[in-house]
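Below, each chain spelled out in residue letters.
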Amino acid sequence: MILRKTLKDKKRIVVKVGTSSLTHPDTGLMDLIKMEKLVRELTDLHNRGKEVILVSSGAIAVGRKALGMKERPAELAVKQACASVGQARLMMIYQKLFMEYNQIASQILMTKNTLVNEINRKNAENTFETLLSLGAIPIVNENDTVSTYEIQFGDNDTLSAIVTALVQADALILLSDIDGLFTDDPNRNPEAKFIEYVDRVDARFEQMAKGSSSDVGTGGMSTKINAAKLATSAGADMIIANGADMGIIHRIMDGERIGTMFRANRTEDFYLIDYLDVPADKKRG
């Protein structure tokens, strides 16, 4: 497909990696081999002359294991405690791995307040632009340690699409434990058909979305469809693919027919705040 070949020319790339793609399924502990390969792939993209942003899940999962918890916590205060421990450990691993390739990485933690307030939003834009101009790879996560229901994004699929729109990225790659978009949940329906290409996200695709059965992630297919609607409306192509092998990143960027590709359909009057779940008086003034 010709459109896939255009991916190699994209300049600014956002890559989102889910918790299930960073941890061992049997233990829930970090899969260091996959993380090392992820870092190598991102650094090589940067070496190609691309600007790269990573949206990484995993803080709560890492923290809960460090604190000896077997199940994902339900209480907000406990989640935030896990995030506080886990985010520091996660960044320590990323920094160590990126240093192996002489690549500078940075940390950006966000909540909805970062975007709703015009000054905060502009400051965030400036921070991203400056970091990218200096050759750094920003690593983004929701600020779970302080976020509450009112200021949560809720999942990193949504956050990655928001970051894509905020920095006006050219492409968003969502890596998860699924191969892409299907007509139904392939784990439950063997007749489900794979969808390679989506020209426009409409109600038909939204109805196909199913919830996730993973106990480590927060986003199912519905969040990915919503992310696709936001990212494509902002003018970025988006790809959903399986993160079982992080080598898939360069294959996607080389134009291979992997995962589901959503074509960019920029909305003329696109305004990021319209896509956030915030009170109407906080949107357009």
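Because the structure is predicted, anything quoted here is derived from the model rather than measured. (Residues numbered from 1 in each chain as written. Predicted model: local features only at pLDDT ≥ 70, side-chain atom pairs only at ≥ 80, totals over all residues. Heavy atoms only, no water.)

Caption draft 1: Fine view of the pairing of strand β1 (residues 12-17). Among the 6 residues that make up β1, 6 are buried, leaving the element largely enclosed by the rest of the structure. The alternating pattern of β1 places R12, V14 and K16 on one face and I13, V15 and V17 on the opposite face, and all of these are buried. As defined by bridge partners, β1 adjoins strand β2 (residues 51-56) across 6 bridges and the pair is classed as parallel. When the sheet's bridge partners are listed, V15 is paired in β2 with L54. Handedness of the β-α-β unit built from β1, helix α2 (residues 32-47) and β2 comes out right-handed. (Buried < 20%, exposed > 50% of the residue type's maximum accessible area, 1.4 Å probe, protein only. Helix = DSSP H or I, 4+ residues; strand = E, 2+ residues; numbered from the N terminus. Pairing = 2+ DSSP bridges. Right-handed = clockwise from strand over helix to strand, strands pointing away.)

Caption draft 2: Expanded view of the side chain of T43. Position of T43 relative to the elements: it lies in helix α2. Assessed through its relative accessible area of 2%, T43 is described here as buried. A polar side-chain atom of T43 sits 2.8 Å from the main-chain carbonyl oxygen of V39. Beyond its immediate stretch of four places on either side in the chain, T43 contacts F98, Y101, Q103 and I137. (Polar contact = N/O pair within 3.5 Å; in protein donor to acceptor, adjacent residues only side chain to side chain. Contact = heavy atoms within 4.5 Å.)

Caption draft 3: Geometry of the confidence of the model for the protein chain. For the protein chain, the mean per-residue pLDDT works out to 87, and 88% of the residues sit at or above 70. Scored below 50 in pLDDT, residues 211-219 shows 18 contacts in the model against residues more than four places distant or in partner chains. (pLDDT = per-residue confidence, 0-100.)

Caption draft 4: Focus on the sheet that holds β2. Pairing in this open sheet of 8 strands is mixed, and the strands run β3-β4-β2-β1-β5-β9-β10-β8 from one edge to the other. The sheet terminates laterally at β3 (105-110) and β8 (197-198), the two strands that pair on one side only. Sitting on the sheet, helix α4 (residues 76-100) touches β2, β3 and β4 (137-142), and the angle it makes with β3 is about 155°. (Axes fitted to C-alpha atoms, helices over the stretch in contact; angles between N-to-C directions.)

Caption draft 5: Quick look at helix α3 (residues 59-66). Across the 8 residues of α3, 6 count as buried, placing the element largely inside the fold. Looking at α3, one finds that the buried residues are A59, I60, A61, V62, G63 and R64. On its buried side, α3 packs onto α4 and β4. Once α3 ends, the next one or two residues include G68, with phi positive near 80°.

Caption draft 6: Spatial organisation of the side chain of K224. Among the secondary structure elements, K224 is positioned in helix α9 (residues 221-233). One polar contact links K224 to D157, side chain to side chain, over a distance of 3.0 Å.

Caption draft 7: Quick look at the packing of aromatic side chains. On inspection of all chains with the given rule, the structure shows 2 aromatic pairs. Ring centres of Y94 and F98 lie 6.4 Å apart, and the angle between their planes is 35°; on these two criteria the pair is classed as tilted. In this pair, Y94 and F98 are both assigned in helix α4, 4 residues apart and thus about one turn of the helix distant. What makes Y94 buried here is its relative accessible area of 0%. Seen from their ring centres, F182 and F194 are 5.3 Å apart, and the 65° between their planes marks the pair as edge-to-face. Of this pair, F182 sits in strand β6 (residues 181-182) while F194 sits in strand β7 (residues 194-195); the two residues are 12 residues apart in sequence, bridging distant segments of the chain. (Phe/Tyr/Trp six-rings, centres within 6.5 Å; stacked < 30°, edge-to-face > 60°.)

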